[in-house]
Amino acid sequence: VGGVFDISNSDRLGFSEVELVQKVIDGVKLLVRMEKALEKKLLIDSLVPRSGKCPTDPNYPDLSKHNNHMAKHLTPEVHFKLALLKTPNGFTLDRAIQTGVDNPGHPFIMTVGMVAGDEESYDVFADLFDPVIEARHSFKKTDNHQTDLDPTHLVGGDDLDPNYVLSSRVRTGRSIKGFCLPPFCSRAERKGVEKVVTKALENMTGDLKGKYYPLSNMTEEEQQQLIDDHFLFDKPVSPLLLASCMARDWPEARGIYHNNDKNFLVWVNEEDHTRVISMQKGGNMREVFTRFCNGLKQVEEAMKKEGKEFMWNKHLGYILTCPSNLGTGLRAGVHIKLPLLSKNNKFESILKDLRLQKRGTGGVDTAAVGGVFDISNSDRLGFSEVELVQKVIDGVKLLVRMEKTLEKGGCINSLIPEH
C-alpha cells in the first residue's frame, strides 16, 4: 500500500545469521539508492547488480606484474560485478583503479593502487575498497572508527627532549561534503572548495589568524617567502598522483593559508580538498596538537554556518581521496636525532613494534642526514587522533631514552618492547 513493502532475506539454510542480515543491509542500501536516483529522474541501469557467470572481459586489466593492494583484490569476478557501476556523480571503477594499473608498485612500500572520486565511491565500489582497506589497515567492513580531537586526553607530550627532538608536527586532510574529490572534481567544484575554505579561514581568531595566498595570484616576493619558509607545495610530479588526475588545471583554485606565527597552515586543493598542518620547533607535541585541534574546530564551525561540513561517517571516520588516509588522515611526526640507535640492527623492528615509521627529513624515499629522522605514526584508521599522537609521544620518549643509553655505552635490550 502506498509503495511500502516488507523486504527480507530469501535464504535460510547455507548462510550464517550475520551473512543473511548483511545481505539485507547491503540490499536495502542499494534499493534506497535506486529510489533516490529515480526521484531525481536519473537512470538506475548502472546500479542494477550483474548476475550470471563472470565472462572473459577484454576490459579487465593485466595485473600479473603488479604489486599493490588493488591488484591483489581486483579479481575478474569483482571487476565483472563493479565494472558498469557509477556513483551518483558518475565516477567509475576504471577511474578509481587507473593509478594502480598505470603504476605496478613501489620497491619499498606496498601502495594502495586506487583512489576515490567522491564520498559515495567507498559505498558503490565497496566490494573492492573494503578488502583493500582491510589489507592496508587491518580494519574490517564491520568495524567502526573512533574520533577524538580533545587534546586534554593526551598524557604528557610537552616534555620531549629538545636536544634530540628538533621539531614536532601534526597534519591531516579534510574533504568538504557535497564536492567531488580532487581526482574527479570539476573546475567549478574546485573553485567551490576554495571559496568555502577561504571564507572559513577569514574567521580564524587569536593565534590562528593569518592570510591566504592563492598559487595563481601571488607576488614574486610572496612566492619566494613561502619557498624560504618551506610552505609552498608544487604541482604534483609523482606518477601515482598524475595517473589519479590530481594535477588538472594547475594552479587554479589552489593556495596556502598560514597564521601570523607561521605554525599553522592549510593547503587548499592539493591531494585532498584541504591539508591542515600544525608545527613548531622543539618537542612540545601537546602544544602542536592543541593548536591543530583548535584550528580544525574553528574551520568546521565557520563552514557549518555556511551549510557545509567535512566528510565523515562512523565506519571510516574522515573521508579522504586515498584509502591509506581514511579515519584520522593524521600524521604526527618529529624530526629526531638518533645517530647511535639508527645504527643498531634492531632499529627497524623497534619502530615496527612501536607502530612508528621513519623517513628522511626530506620526505618519502629520502635518506637521513646526520642521524636525523622523520619519525611518525604508521596507523591512520581504527585509532583515534589522541591515540595516534599518544603512540608518537610514548614511542619518541623511548627512542630518546635508548639513544641516551647508547651514548653512555649501555645496552638497550631491556628497553626493547616485547612482541
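Look up: the structure comes first, before these words.
A few points on the structure. Every value quoted in this text rests on a predicted model; they were computed, and no experiment measured them.

**Side note on the sheet that holds strand S10 (residues 372-377)**
Logical step 1: The eight strands lie next to each other as S2-S3-S4-S5-S1-S8-S10-S9, forming an open sheet whose pairing is antiparallel. What marks the edges here is a single partner per strand, and that holds for strand S2 (210-214) and strand S9 (356-359). Strand-to-strand twist in this sheet, taken as the mean axis angle between neighbours without regard to direction, amounts to 20°.
Logical step 2: Bridge analysis of strand S1 (residues 165-174) against strand S5 (residues 274-281) gives eight bridges, and the strand direction is antiparallel. Among the inter-strand pairings, Arg-169 is bridged to a residue of S5, identified as Met-279.
Logical step 3: The strands that helix H7 (residues 187-201) touches are S2, strand S3 (255-259), strand S4 (264-268) and S5; relative to S4, the one it contacts most, it runs at about 160°.

**Comments concerning the side chain of Asp-374**
Logical step 1: Within the fold, Asp-374 resides in strand S10.
Logical step 2: Assessed through its relative accessible area of 9%, Asp-374 is described here as buried.
Logical step 3: Side chain to side chain, Asp-374 and Arg-331 meet in a polar contact 2.8 Å long.
Logical step 4: Leaving out residues up to four positions away in the same chain, Asp-374 has contacts with Arg-331, Gly-333, Val-334, His-335, Gln-357, Lys-358, Arg-359, Gly-360 and Thr-361.

**Some thoughts on the packing of H7 against helix H10 (residues 285-305)**
Logical step 1: Closest axis-to-axis distance for the H7/H10 pair is 8 Å, and the angle between their directions is 115°. Crossing angle aside, the handedness with which H7 passes H10 is right-handed. The residues of H10 that touch H7, namely those facing Val-196, Ala-200 and Leu-201, are Val-299, Ala-302 and Met-303.
Logical step 2: Per-class residue counts for the contact of H7 with H10 are six nonpolar, no polar and no charged.

About the thresholds
- Residues numbered from 1 in each chain as written.
- Predicted model: local features only at pLDDT ≥ 70, side-chain atom pairs only at ≥ 80, totals over all residues.
- Heavy atoms only, no water.
- Pairing = 2+ DSSP bridges.
- Helix = DSSP H or I, 4+ residues; strand = E, 2+ residues; numbered from the N terminus.
- Axes fitted to C-alpha atoms, helices over the stretch in contact; angles between N-to-C directions.
- Contact = heavy atoms within 4.5 Å.
- Buried < 20%, exposed > 50% of the residue type's maximum accessible area, 1.4 Å probe, protein only.
- Polar contact = N/O pair within 3.5 Å; in protein donor to acceptor, adjacent residues only side chain to side chain.
- Left-handed = near helix turned anticlockwise from the far one by under 90°.
- Nonpolar A, V, L, I, M, F, W, Y, C, P; charged D, E, K, R; others polar.

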